[in-house]
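Take a look at the letters that make up each chain.
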Amino acid sequence: MKKRAKAIGYLLAGFLLFWAVLTLWANYSGKQQTFTIGNAAARRNALILYNADPFYNLDEQVCRRIAEGLSYHDFSSKVATINQAHDDRKPYDLYVFCANTYNWAPDWPTAKFIRTHEGLAGKNVVALTLGAGSTQWSKDKLEALLRSKKANILASKSYWLLRPNDEKRSEENIQVATDMAKALGDSLGRILN
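Calculation rules
Residues numbered from 1 in each chain as written. Predicted model: local features only at pLDDT ≥ 70, side-chain atom pairs only at ≥ 80, totals over all residues. Heavy atoms only, no water. Helix = DSSP H or I, 4+ residues; strand = E, 2+ residues; numbered from the N terminus. Contact = heavy atoms within 4.5 Å. Areas by Shrake-Rupley, 256 points an atom, 1.4 Å probe, with all protein chains shown as cover. Salt bridge = Lys/Arg side-chain N within 4 Å of Asp/Glu carboxyl O. Buried < 20%, exposed > 50% of the residue type's maximum accessible area, 1.4 Å probe, protein only. Polar contact = N/O pair within 3.5 Å; in protein donor to acceptor, adjacent residues only side chain to side chain. Phe/Tyr/Trp six-rings, centres within 6.5 Å; stacked < 30°, edge-to-face > 60°. Lys NZ or Arg CZ within 6 Å of the ring centre and 35° of its normal.

Draft legend 1. A look at the overall build of the chain. On a plain count of helices and strands, the chain comes out with six helices and seven strands. In the chain, 79% of the contacts between residues at least 6 apart in sequence involve partners at least 24 apart. Carbon and sulfur atoms make up 57% of the accessible area of the chain, which amounts to about 10300 Å² in all.

Dropping the structure here:
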């Protein structure tokens, strides 16, 4: 019996170590980049932030598409990974935070950026929560973080990688998520203009 308990203890410790390494890798190892979508001379500007996911780039695709939707309404959007925008203190008309869900919470770099960024009070923000499946806890935590900074949350949406975003088009799940993001950008651009 003692050997069995010891084996289970080692197995559990090994699993927890593996999970910790995987969590660190997922939070900090994605490809870093910045790009702009829209006319540089546009009347309005947006900062669209995400933490690059090393597994699948749904976050980048969603951010790109929301910027495309905004561009129809005289917006220039800087789309950047959190690390690339860390020192950006320029004021924006709209901030979009696209957080991956790890361990039922928003990714650490996005949460840290929101907690440490000055100047979100009264600013228009959008909270996007991405995940493989259920993201409700993560979505709630992201919204609470933004409310704690006194930001004006215009929209909060979840997009899923493995769970259907639209039951009628479950085979095209990624396409559905990116189409929904573009429609959201278009709608926000219309509202803000």
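Still more to cover.
Draft legend 2. Representation of the pattern of salt bridges in the model. A complete count under the given rule lists eight salt bridges for this structure. Among the salt bridges present, the one from Arg 65 reaches Asp 179, with a minimum N-O distance of 3.1 Å. In this pair, Arg 65 is assigned in helix H2 (residues 58-71) and Asp 179 in helix H6 (residues 173-192), connecting sequence segments 114 residues apart. Where salt bridges share partners, they join Arg 65, Glu 68 and Asp 179 into one cluster.

Draft legend 3. Representation of the side chain of Thr 101 within the structure. For Thr 101, the position within the fold is in strand S4 (residues 94-102). By relative accessible area, which is 17% here, Thr 101 ends up buried. Looking at Thr 101, its side chain comes within polar contact range of the side chain of Ser 138, at 3.1 Å. If near-sequence neighbours (up to four positions away) are discounted, Thr 101 is found in contact with Thr 129, Leu 130, Gly 131, Thr 135 and Ser 138.

Draft legend 4. Structural context of the side chain of Glu 60. Structurally, Glu 60 is set in helix H2. Judged by relative accessible area, Glu 60 falls into the buried class, the value being 16%. Here the side chain of Glu 60 touches Gln 33 through a polar contact of 3.0 Å, side chain to side chain. Discounting residues that sit within four places of it in the chain, Glu 60 has contacts with Gln 33, Phe 35 and Tyr 50.

Draft legend 5. Just unusual backbone geometry, in detail. The backbone of Asp 74 sits at a positive phi, close to 60°, despite the residue not being glycine. Tracing the sequence through the fold places Asp 74 in the loop between H2 and strand S3 (75-81). Within the chain, Asn 103 stands out as a residue other than glycine whose phi angle is a positive 55°. Its place among the elements puts Asn 103 in the loop between S4 and strand S5 (105-106). The partly exposed category is assigned to Asn 103, whose relative accessible area is 31%.

Draft legend 6. Expanded view of the packing of aromatic side chains. Throughout the structure, instances matching the rule amount to three aromatic pairs. Each ring, one from Tyr 92 and one from Tyr 95, has its centre 5.7 Å from the other, and the planes form 80°; the classification is edge-to-face. A single burial state applies to Tyr 92 and to Tyr 95, both of which are buried. Judged by centre distance (6.5 Å) and plane angle (5°), the rings of Tyr 95 and Phe 97 are stacked. Across the pair, Phe 97 and Tyr 95 agree in class, each one buried. Pairwise contacts between aromatic rings join Tyr 92, Tyr 95, Phe 97 and Phe 113 into one cluster. The ring of Phe 35 has Arg 64 sitting right over it, with the charged end atom 4.1 Å from the ring centre.

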